[in-house]
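Architecture and fold: a report
One-letter residues, chain by chain:
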Amino acid sequence: MDATPQGSLLPAPLLSTRCPLRPRPWRGPAPPRSPGPEPPRRRGRQRYVEKDGRCNVQQGNVREPGRYLTDLFTTLADLQWRLSLLFFVLAYALTWLFFGAIWWLVAYGRGDLEHLGDAAWTPCVNNLNGFVAAFLFSIETETTIGYGHRVITDQCPEGIALLLLQAILGSMVNAFMVGCMFVKISQPNKRAATLVFSSHAVVSLRDGRLCLMFRVGDLRSSHIVEASIRAKLIRSRQTLEGEFIPLHQTDLSVGFDTGDDRLFLVSPLVISHEIDAASPFWEASRRALERDDFEIVVILEGMVEATGMTCQARSSYLVDEVLWGHRFTSVLTLEDGFYEVDYASFHQTFEVPTPSCSARELAEAAARLDAHLYWSIPSRLDEKVEEEGAGEGAGGEAGADKEQNGCLPPPESESKV
């Protein structure tokens, strides 16, 4: 064996090959170390639907932009306000300029501009002495102002035809632009601004079953008629054949079968999704849910009571916005003759005892408990069978038949009781 120096835990050959440790002279405070690279953080999920309901999707590489012109009315209604106002102003200004230029050409072609001071000459339009006058006459004609200074005469058939054409086209422009502005102003998505969703969703027990819940409310006194609620689970998945489906949409039942999805939204309501065997969260425990990557999109639809137009409000919840083991704080109180809603507590939650296992494990545990109670607690029927068996004898045929049919509890269960 190699010799090992006394007081050393390493062999001598290994110690001899290492550099001796010598004290370094002090040269002031050591420079601060530059922080190393931070460990990579988990990138936050990109929202499919923002909290305010705006869909975070942009259409790119549209090969046929002319399709938007086939539905010009909807295209104009979907424009931003500054673009809508610009188009509104340009529609009228260009129309006035176009017909003003035609009126000037008619006057120039007939020679009216060359006989401005000739009293014997009958012009097409009285007092039209230039392009500015023709432009003003075009505005008066289309807006039906009629100041009376510039008037068309009956000696100009082409002017009469042009007057009819401008009146008809001007009415069409008025109807189109006023309709666009009316739809722009009365869009129902502005009504959706007063429909609020809770900032978080919660998971807790309801009637002994795990439920995913969120809260909705209406800030206005005018209600949403025929309100209905839907929920979608947005999560990418891969099929058995290896096909990757990004942002796959799955329905979350919020009472469609029972009619609970039809809401009477007078006060805030808690919408519940029962996590049963048909739910995509059936096998998700608390820890598995925190590691998952999904988005829950909730959609509230209904008709505005004041206008009768259909309104839709949307919101979404990411994984970190789902609180396990929480319940919503009550916001409804009974006052003197009315109910009062406290929206200051609308988003507040509090913790409640909730199992961390999945809904499937919870149902299996409940089933095992029910089976244990069934076999451990004798019923009156079992007691009656025991009395009959005792009367006929311990080895009677009736008692044996009953025990084989399972009416008598097994001895092991009796000992547990």
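The sections below set out a description of the structure shown in this document. (Residues numbered from 1 in each chain as written. Predicted model: local features only at pLDDT ≥ 70, side-chain atom pairs only at ≥ 80, totals over all residues. Heavy atoms only, no water.)

**Some words on the overall build of the protein chain**
When helices and strands are tallied, the protein chain shows eleven helices and 14 strands. In the protein chain, which comprises 417 residues, the proportion classed as buried is 30%. Sequence-distant contacts in the protein chain: of pairs separated by 6 or more residues, those separated by 24 or more amount to 66%. Surface exposure of the protein chain reaches about 28500 Å², of which carbon and sulfur atoms provide 57%. (Helix = DSSP H or I, 4+ residues; strand = E, 2+ residues; numbered from the N terminus. Buried < 20%, exposed > 50% of the residue type's maximum accessible area, 1.4 Å probe, protein only. Contact = heavy atoms within 4.5 Å. Areas by Shrake-Rupley, 256 points an atom, 1.4 Å probe, with all protein chains shown as cover.)

**Describing the nonpolar core**
Across soluble globular proteins, nonpolar side chains show a tendency to be buried alongside one another. Counting 35 residues, the largest nonpolar core has Ile-229, Phe-281, Ile-296 and Leu-300 as the members making the most contacts within it. Contributing elements (two or more residues each) for this core: β1 (195-197), β2 (201-206), β3 (209-218), β4 (224-238), β8 (295-304), β9 (310-318) and β10 (322-324). Once residues lying within four places of it in the same chain are set aside, the contact partners of Ile-296 are Leu-212, Lys-232, Leu-233, Leu-252, Phe-281, Ser-315, Ser-316 and Tyr-317. By size, the runner-up hydrophobic cluster in this structure holds twelve residues, among which are Val-106, Cys-124, Leu-128 and Ala-134. (Core = buried A, V, L, I, M, F, W, Y, C linked by side-chain atoms within 4.5 Å.)

**Let's talk about the packing of helix α4 (residues 81-110) against helix α5 (residues 131-143)**
In contact at an axis separation of 8 Å, α4 and α5 are set at 120° when each is read in the N-to-C sense. Viewed along their axes, α4 and α5 adopt a mutual orientation that is oblique. Where α4 crosses over α5, the handedness of that crossing is right-handed. Contacts between α4 and α5 involve Tyr-92, Thr-95, Trp-96, Leu-97, Phe-99, Gly-100, Ala-101, Trp-103 and Trp-104 from the former and Phe-131, Ala-134, Phe-135, Phe-137, Ser-138, Ile-139, Glu-142 and Thr-143 from the latter. Per-class residue counts for the contact of α4 with α5 are twelve nonpolar, four polar and one charged. (Axes fitted to C-alpha atoms, helices over the stretch in contact; angles between N-to-C directions. Parallel < 35°, antiparallel > 145°, perpendicular 65-115°, else oblique. Left-handed = near helix turned anticlockwise from the far one by under 90°. Nonpolar A, V, L, I, M, F, W, Y, C, P; charged D, E, K, R; others polar.)

**As for the packing of α5 against helix α6 (residues 157-185)**
At a minimum axis separation of 8 Å, α5 and α6 run at an interaxial angle of 65°. Handedness of the α5/α6 crossing: right-handed. Contacts between α5 and α6 pair Ser-138, Thr-141 and Glu-142 from the former with Leu-163, Gln-166, Gly-170 and Asn-174 from the latter.

**Quick word on α4**
With 30 residues, α4 extends 44 Å from end C-alpha to end C-alpha; this agrees with the ideal 44 Å at 1.5 Å per step. Among the residues of α4, Ser-84, Ala-91, Tyr-92, Thr-95, Phe-99, Gly-100, Trp-103, Val-106 and Ala-107 are the ones counted as buried. In this structure, the buried side of α4 is in contact with α3 (72-78), α5 and α6. One or two residues past the end of α4 sits Gly-111, with phi positive at roughly 85°. (Expected span 1.5 Å × (residues − 1).)

**A few points about the pattern of salt bridges**
Where charged atoms from two side chains of opposite charge come close, those side chains can pair. Enumeration over the complete set of coordinates arrives at 13 salt bridges. For Glu-301, the salt bridge goes to Arg-230, with nearest N and O atoms at 3.4 Å. Remark: Arg-230 occurs in strand β4 and Glu-301 occurs in strand β8; sequence separation between them is 71 residues. Bridged by salt links that share partners, the residues Arg-47, Lys-51 and Glu-321 form one connected network. (Salt bridge = Lys/Arg side-chain N within 4 Å of Asp/Glu carboxyl O.)

**Here we look at the state of the cysteines**
Taken as a whole, this structure holds one disulfide when the rule is applied. Cys-124 shares a disulfide with Cys-156; S-S distance 2.1 Å. Its torsion about the S-S bond being -75°, the disulfide of Cys-124 and Cys-156 is classed as left-handed. Linking Cys-124 in the loop between α4 and α5 with Cys-156 in the loop between α5 and α6, this pair joins segments that are 32 residues apart in sequence. (Disulfide = S-S within 2.5 Å.)

**Quick word on unusual backbone geometry**
Positive phi is not limited to glycine here, since Asn-127 has a value of about 65°. Along the chain, the position of Asn-127 falls in the loop between α4 and α5. Here Asn-127 falls in the partly exposed class, since its relative accessible area comes to 41%. Although it is not a glycine, Thr-144 adopts a positive phi angle of roughly 55°. Among the structural elements, Thr-144 can be located in the loop between α5 and α6.

**With respect to the packing of aromatic side chains**
Applying the stated criterion across every chain, the model contains nine aromatic pairs. Their ring planes at 65° and their centres at 5.1 Å tell us that Phe-88 and Tyr-92 sit as a pair that is edge-to-face. Linking Phe-88 with Tyr-92, this pair stays in helix α4, spanning four residues, or about one helical turn. An aromatic cluster of at least three residues, connected via ring pairs, comprises Phe-88, Tyr-92 and Trp-96. One cation-aromatic arrangement involves Lys-184 over Trp-81; the distance from NZ or CZ to the ring centre is 5.7 Å. Above the face of the Phe-346 ring, Arg-215 is positioned so that its terminal group lies 5.3 Å from the ring centre. (Phe/Tyr/Trp six-rings, centres within 6.5 Å; stacked < 30°, edge-to-face > 60°. Lys NZ or Arg CZ within 6 Å of the ring centre and 35° of its normal.)

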